[in-house]
Amino acid sequence: MAETLLSARSLRKDYRLPRGQRLRAVDDVSLDVHAGEVLGVVGESGCGKSTLGRCLLRLTEASAGSLTFEGHDITGLSERALRPVRQRMQMVFQDSYASLNPRRRIGDLLAEPLRVHPDAHGRRRDMRAIEARLAELVDLVGLTPDALARYPHEFSGGQRQRINIARALALSPRLIVADEPVSALDVSIQAQIVNLFADLQARLGLTYVFIAHDLAVVRQISTRVAVMYLGAVVELGATDDVLHAPAHPYTSALIAAVPEPVVRADKLMPSLRGDVPSPVNPPPGCRFHTRCPVARPVCGQDAPTLRAVPDGRQVACHFPLAG
C-alpha cells in the first residue's frame, strides 16, 4: 500500500465577517494524499478548493483540525520549525504573473529559495551550485538558459507558468499543490502544461494535489478525485469511478453541465433547482438538498457524513446514485 504522504483530519477554515457573521470556507474535510498519486480537487467557483489547498500547506492557517506530513504532525509547528518542512511541500499558483515579482529577473526569482534554504547536508549553497541548479530547472520545464536573464513581462502566460513550476521544483519537494494552474491559459497551452506536470511526476516521483474546475483536465491527470460543494468534500474516489459513474447527485450534475457536441437525453440529470446557498447561512442537513433532484425529507434534517460505499469510494449522501 502506498505511503500516506499528507493527511488532513477534520480540517476547518472560518472567516469572520462584519456584523459577527461567519463564513465557513472549509468544513470538516478529512482526506489522505498518497505518495506518487495525483489527487484532483474539483467543484464550482467559491466552493473552498483554493482555501483547502492553502490550508494543506499551512499557507493559510486552519481554524480547526490537524495535518500530518511524512508521518509527523505539523499542525502546531512554529514558523521556524515548519521551515525545513516547507522545502518538501510547495505550491503553484493560478495567476502566473501576479506570483512573480515584475522587478526581478527570472534567475533571481528561481535562485531565492536556493539562497534561503540549505542543501540536503545542511550547508549553504555557493554560487556555482546555485547556477548549476538553475540550469537544471529551466531545462526541466522546457525553457532555454537565456530565460534566466529576462523579466516576467517578457514571457507568455504559458511560459510564466513554466517558471512558476520551476520555482516550486527548486528545493526538490515531494508534494506540490497546484491551484488552478491552467485555468487562465489558452486550451492548446493548457494541454502542454498538463503534459509537463505529468512528465515531471514520472521523472521526479512527485505527488500532486491538483485543483481545477475543468473536469477534462482532472480526468487527464488525476489518479483520484475529491468533489467539493460549499466547503465540504461530497465524493472521493478513483477518477474513473467518480467521473464515469458518479455516486453523489452533485457530482452527476457537475458532469452533466459539461458541454458536449451531442447530448443524449438519457444522460441528462434533472435540472438543479435554485442557486447555490450562501456559505454564510448554509441550509440545515445536507447542504445540497435545496437543489438536489433526488432529495427526501431526511436530507433536510440530517447532514450525511463521508462514508465508504461498496466500490471503495467515499460519498456524503443518504441516497447515493452508484457504488
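Heads up: the structure comes first, above all this text.
So, here's what we can say about the structure. All of these numbers come straight from a predicted model, not from anything done at the bench.

1. Section: the overall build of the protein
Helix and strand content of the protein: 9 helices and 12 strands. Rg of the C-alpha trace for the protein: 21 Å, near the compact-globule value of 20 Å for 323 residues, within the 12% margin. A burial count over the protein gives 47% of its 323 residues as buried. Put simply, of all contacts in the protein between residues at least 6 apart along the chain, 63% involve residues at least 24 apart. Summed over its atoms, the accessible surface of the protein is roughly 15600 Å², and 51% of this surface lies on carbon and sulfur atoms.

2. So, unusual backbone geometry
The backbone of arginine 58 sits at a positive phi, close to 60°, despite the residue not being glycine. Within the element layout of this structure, arginine 58 appears in the loop between α1 (49-56) and β4 (64-69). Relative accessible area serves as the criterion here: at 8%, arginine 58 is assigned to the buried category. Of note in the backbone geometry, serine 172 takes a positive phi value of approximately 55° without being a glycine.

3. Re the pattern of salt bridges
The full count for this structure, using the stated rule, is 19 salt bridges. The shortest N-O distance in the salt bridge between arginine 174 and glutamate 3 comes to 2.9 Å. Separated by 171 residues along the polypeptide, arginine 174 in the loop between α5 (157-169) and β7 (175-179) and glutamate 3 in the segment before β1 (4-16) bring together distant segments of the chain. Among the salt bridges present, the one from arginine 203 reaches aspartate 199, with a minimum N-O distance of 3.5 Å. Linking arginine 203 with aspartate 199, this pair stays in helix α6 (residues 187-204), spanning 4 residues, or about one helical turn. Ionic contacts of the salt-bridge type, sharing partners, join the residues Arg12, Asp14, Arg24, Asp27 and Arg287 into one network.

4. Observations regarding the packing of helix α3 (residues 106-116) against helix α4 (residues 127-140)
Interhelical geometry of α3 versus α4 gives an angle of 120° and a closest axis separation of 10 Å. As the angle between them shows, α3 and α4 are arranged oblique. Crossing geometry of α3 relative to α4 is assigned as right-handed. The segment α3 lies against α4, with Gly107, Leu110, Ala111, Leu114 and Arg115 engaging Ile130, Arg133, Leu134 and Val138.

Analysis parameters
In this convention, every chain numbers its residues from 1, walking through the sequence in written order. It should be noted that, the model being predicted, local features are given only for residues of pLDDT at least 70 and side-chain atom pairs only at 80 or more, the latter also being counted only at that level, while totals for whole chains, interfaces and linings use all residues. By convention in this description, side-chain values take in all heavy atoms of the structure and omit both hydrogens and water. Counting from the N terminus, the helices are the DSSP runs of H or I reaching at least four residues and the strands are the DSSP runs of E reaching at least two. Here the globule rule is a power law, 2.2 Å times the number of residues to the power 0.38, and the radius of gyration is based on C-alpha atoms. Only protein chains enter the area calculation, which uses a 1.4 Å probe; residues under 20% of their type maximum are buried, those over 50% are exposed, and those in between are partly exposed. Contact definition: two residues touch when any of their heavy atoms are within 4.5 Å. With residues, only the protein chains shown are counted as cover, and all accessible areas are computed by Shrake-Rupley using a 1.4 Å probe. The term salt bridge refers to a side-chain nitrogen of Lys or Arg lying within 4 Å of a carboxyl oxygen of Asp or Glu. Helix axes are fitted to C-alpha atoms over the stretch in contact, other axes to C-alpha atoms as well, and angles between N-to-C directions run from 0 to 180 degrees. Here the word oblique covers every angle except those under 35 degrees (roughly parallel), over 145 (roughly antiparallel) and from 65 to 115 (roughly perpendicular). Helix crossings get a hand from a simple test, with the near helix turned counterclockwise from the far one by less than a right angle marking a left-handed crossing and a clockwise turn marking a right-handed one.

Keep in mind these values describe shape, not function.
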